[in-house]
Amino acid sequence: MNVALYAQTDVGMVRSGNEDNFLILDLSTGTSWSAGEEEPPELLTFQQGYYGSLLAVSDGMGGALAGEVASRLAVETVRDRMLQLQAHQNYGKVPFQERLRLAIEEANLLIHSDGMANPAHKGLGATFTGVAVHSGHAYFAQVGDSRAYLIRKGKIARITKDQSLVQQLIDAGQITEEEAETHSYRNVILQALGAHINVNVEVNTLPVCHLDTLVLCSDGLSGKMHAEEILQIVQESADFKTACQNLITLANQRGGEDNITVVIAQFSGSALEQPEGDAIEPQGIARSPDTPTELNWSAGATTDQLTDPTGPDLAGEAVAGSPARTGALTGELNAKKTGPLVAPIPPPPTTSPLPSRTTPLKSTNDMTDRVGPITAVFEIGDFEEELKTTSADGTGDLLPHAPQTNHSGRMAATASHGQGEQKSFSFLPVILTIIALAGIGGAAFWYFNQQQRSTAEAEAVKQHKRLERETQKQSLLTSLHDEITKLKNDLAAAPKVGTEKREKLGQKLNRAQATLIDIAQLSPERIDEIEQRCEDVAKELKQIKKDLEEDLKTQQGTLPAQSTSREPVKL
């Protein structure tokens, strides 16, 4: 199977910084390419090896530098975890699509932890749309509203479904695709990496056919043009680099309010079947009950710690501040362990034989009101009250708070029906009274409706705060449990520490662990008490670590080599 591809990202016409990122990864060689790096020639055309390849686009959110941090953490964590999982003695046996799911779940935990621990990154998150190709199948993984398209036999199909509020409304039949483009909630997504401690990664798959072309993009591109326009540009471009540039140029000509990222890749070769028919029907894959919910990198590890020979220790950088599940990065991915399993790579075809179209594209600015940058991540329940008031004509516009009624008009007409002028005149005070009563009734109904809405909004805010406190509590407990485990490992790996000293430190660690169990029983409503007690435990652990280090320096001069590489927990 030969792969020809190109990727490009652009800041757009309005934004001051680029919060998008992309990932190109050859899982057989470990070679990767992401935004900000020079394009590696060996990844533009290559022969796919045994372990497969991975393409992804991530759109960051959070403001300031947080969005850029989130998208970078997303692509780097998925890259590192995919390589680690396949090199691990135990996790390497997990099905390929579940390893992809696990890698993205790990990225979610890391981004969420960073947002909780770093005030400057509060609220950071990122979409993630990835396609991993392995053993003749493409596995699509979706979180958020970036998109993946498939071009086959001159036709284009969107494979992923946006995890957005307007997509929910479309699925429910309340609005159309066209109405979604200008809907007031068009920027609201329901899932993003880092938004919550748990994430539901939607995965589906379909077989890869000869000359299948994938297009991945952020909403900075999909919000400015329809799928048929993307198809036309890819067909008419001489190569994929030109196609990427032409797509970005047109999106900028139509406003360019958001960052724009696009990845195009074509698969060819004798290992792939010829496409039959026009149907493109991806099959959904639910999370397997056998897929682990927590990763223990030390169990079954057969390789050394993963490090970056050209930069800082990747393990220390990735694990700092993350929950226990992220674990230490293990498994040095050198050529001896996961090296290329293929012969020297011959250059594959780089041109696309898709039929050309002659219909000119409009470079107008009439689509600037289409989908813009992400503004927030919500749950569908936050909008239930608003959705119930959606107008009957399906426009998606909210009804006015004051009900529009013509009851008084009908009543007045009925009262005067069949009466002479004199009686009509005498009925005038009655008619005016009825109109006034109807107005009062309408006002009362509006007030009651407002009270209900206010109550629902207050309850939604209350639930959101409760979730935040629960998340904060779990983050504190997880970090401290992680630190206790690390100190116990350090103590066990220090054979020259005296028996009395070892027993004393062990008892202190056990007491700290028992305290955390007591704290876990407290209600999240008592978050101030939880924070204070966790801070006391953190101080105790800091003193234990200091005592252990002093004892080791006295007897050995340095810490034991077996100590884990993770940095201390920072509260």
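1. Structural notes on the overall build of the protein chain
Now for step 1: From N to C terminus, the protein chain includes 16 helices and 16 strands.
Now for step 2: Scored against the burial criterion, the 571 residues of the protein chain give a buried share of 47%.
Now for step 3: Surface summary for the protein chain: the accessible area is close to 27,700 Å², and the carbon and sulfur share equals 52%.

2. A few points about the sheet that holds strand β4 (residues 45–47)
Now for step 1: Spatially, the 6 strands line up as an open sheet ordered β4-β1-β14-β13-β9-β10, and their pairing is antiparallel. If you trace the sheet from one side to the other, it starts and ends with β4 and β10 (155–158), each paired once. Adjacent strand axes in the sheet meet at a mean angle of 20° when their direction is disregarded.
Now for step 2: Bridge count for strand β9 (residues 147–152) against strand β13 (residues 212–217) is 5 bridges, and the pairing is antiparallel. Paired with arginine 147 across the strands is cysteine 217, a residue of β13.

3. Focus: the pairing of β10
The side chains of a regular strand alternate, residue by residue, between the two faces of the sheet.
Now for step 1: As judged from the 4 bridges shared by β9 and β10, these two strands associate in the antiparallel manner. Note on β10: the bridge partner recorded for tyrosine 149 is arginine 158.
Now for step 2: The antiparallel hairpin formed by β9 and β10 contains 2 residues in its connecting segment, where lysine 153 sits at a positive phi of about 55°.

4. Some remarks on the pattern of salt bridges
Now for step 1: In the structure shown here, the tally under the stated rule is 19 salt bridges.
Now for step 2: Of the charged contacts in the structure, one is a salt bridge between glutamate 19 and arginine 15, with a shortest N-O distance of 3.9 Å.
Now for step 3: Judged by relative accessible area, arginine 15 falls into the partly exposed class, the value being 26%.
Now for step 4: Ionic pairing is found between lysine 153 and aspartate 278, a salt bridge with its closest N-O pair at 3.9 Å. Separated by 125 residues along the polypeptide, lysine 153 in the loop between β9 and β10 and aspartate 278 in the loop between β14 (260–268) and β15 (283–285) bring together distant segments of the chain.
Now for step 5: If you follow the salt bridges from partner to partner, you end up with Arg147, Arg158, Asp162 and Glu177 in one network.

5. Some words on the packing of aromatic side chains
Now for step 1: Scanning the model with the defined rule gives 5 aromatic pairs in all.
Now for step 2: Here the aromatic rings of phenylalanine 22 and tryptophan 33 are separated by 5.2 Å at their centres, their planes lie at 85°, and the arrangement is edge-to-face. Placement of the pair is phenylalanine 22 in strand β2 (residues 20–26) and tryptophan 33 in strand β3 (residues 32–34), with a sequence separation of 11 residues. Considered together, phenylalanine 22 and tryptophan 33 belong to a single accessibility category, that of buried residues.
Now for step 3: Taking 5.1 Å as the distance between ring centres and 80° as the angle between the ring planes, the aromatic pair formed by tyrosine 50 and tyrosine 51 counts as edge-to-face.
Now for step 4: Linked through ring pairs, Tyr6, Phe22 and Trp33 together constitute an aromatic cluster.

6. Some thoughts on the packing of helix α2 (residues 66–87) against helix α3 (residues 96–117)
Now for step 1: Packing of α2 against α3 brings their axes to within 8 Å, and their N-to-C directions diverge by 140°. Between α2 and α3, the interaxial angle falls into the category oblique. Note on packing geometry: the crossing formed by α2 with α3 is right-handed. Of the residues in α3, those touching α2 at Val69, Ala70, Leu73, Ala74, Thr77, Val78, Arg81, Met82, Leu85 and Gln86 are Phe96, Arg99, Leu100, Leu102, Ala103, Ile104, Glu106, Ala107, Leu110, Ile111 and Asp114.
Now for step 2: By residue class, the composition of the contact of α2 with α3 is 15 nonpolar, 2 polar and 4 charged.

7. Structural notes on the confidence of the model for the protein chain
Predicted coordinates in areas of low pLDDT are best not read in detail.
Now for step 1: Chain-level statistics for the protein chain give a pLDDT mean of 78 and a share of 73% at 70 or above.
Now for step 2: In this model residues 364–375 is a low-confidence stretch, pLDDT under 50, and it forms 44 contacts with partners more than four residues away in sequence or in other chains.

8. Here we look at α2
Now for step 1: Under the 1.5 Å per step criterion, the end-to-end length of α2 is 31 Å for 22 residues, consistent within 8% with the ideal 32 Å.
Now for step 2: In terms of burial, α2 is largely enclosed, as 19 of its 22 residues are buried.

9. Considering the packing of helix α7 (residues 227–236) against helix α8 (residues 240–253)
Now for step 1: Running from N to C, α7 and α8 cross one another at 140°; their axes reach a closest spacing of 9 Å. Relative to α8, the element α7 lies oblique. Crossing of α7 over α8 shows right-handed handedness. For the pair formed by α7 and α8, the contact residues are Ile230, Ile233 and Val234 on the first element and Ala243, Asn246, Leu247 and Leu250 on the second.
Now for step 2: Split into classes, the residues belonging to the contact of α7 with α8 amount to 6 nonpolar, 1 polar and no charged.

Cut-off values and rules
- Residues numbered from 1 in each chain as written.
- Predicted model: local features only at pLDDT ≥ 70, side-chain atom pairs only at ≥ 80, totals over all residues.
- Heavy atoms only, no water.
- Helix = DSSP H or I, 4+ residues; strand = E, 2+ residues; numbered from the N terminus.
- Buried < 20%, exposed > 50% of the residue type's maximum accessible area, 1.4 Å probe, protein only.
- Areas by Shrake-Rupley, 256 points an atom, 1.4 Å probe, with all protein chains shown as cover.
- Pairing = 2+ DSSP bridges.
- Axes fitted to C-alpha atoms, helices over the stretch in contact; angles between N-to-C directions.
- Salt bridge = Lys/Arg side-chain N within 4 Å of Asp/Glu carboxyl O.
- Phe/Tyr/Trp six-rings, centres within 6.5 Å; stacked < 30°, edge-to-face > 60°.
- Parallel < 35°, antiparallel > 145°, perpendicular 65-115°, else oblique.
- Left-handed = near helix turned anticlockwise from the far one by under 90°.
- Contact = heavy atoms within 4.5 Å.
- Nonpolar A, V, L, I, M, F, W, Y, C, P; charged D, E, K, R; others polar.
- pLDDT = per-residue confidence, 0-100.
- Expected span 1.5 Å × (residues − 1).

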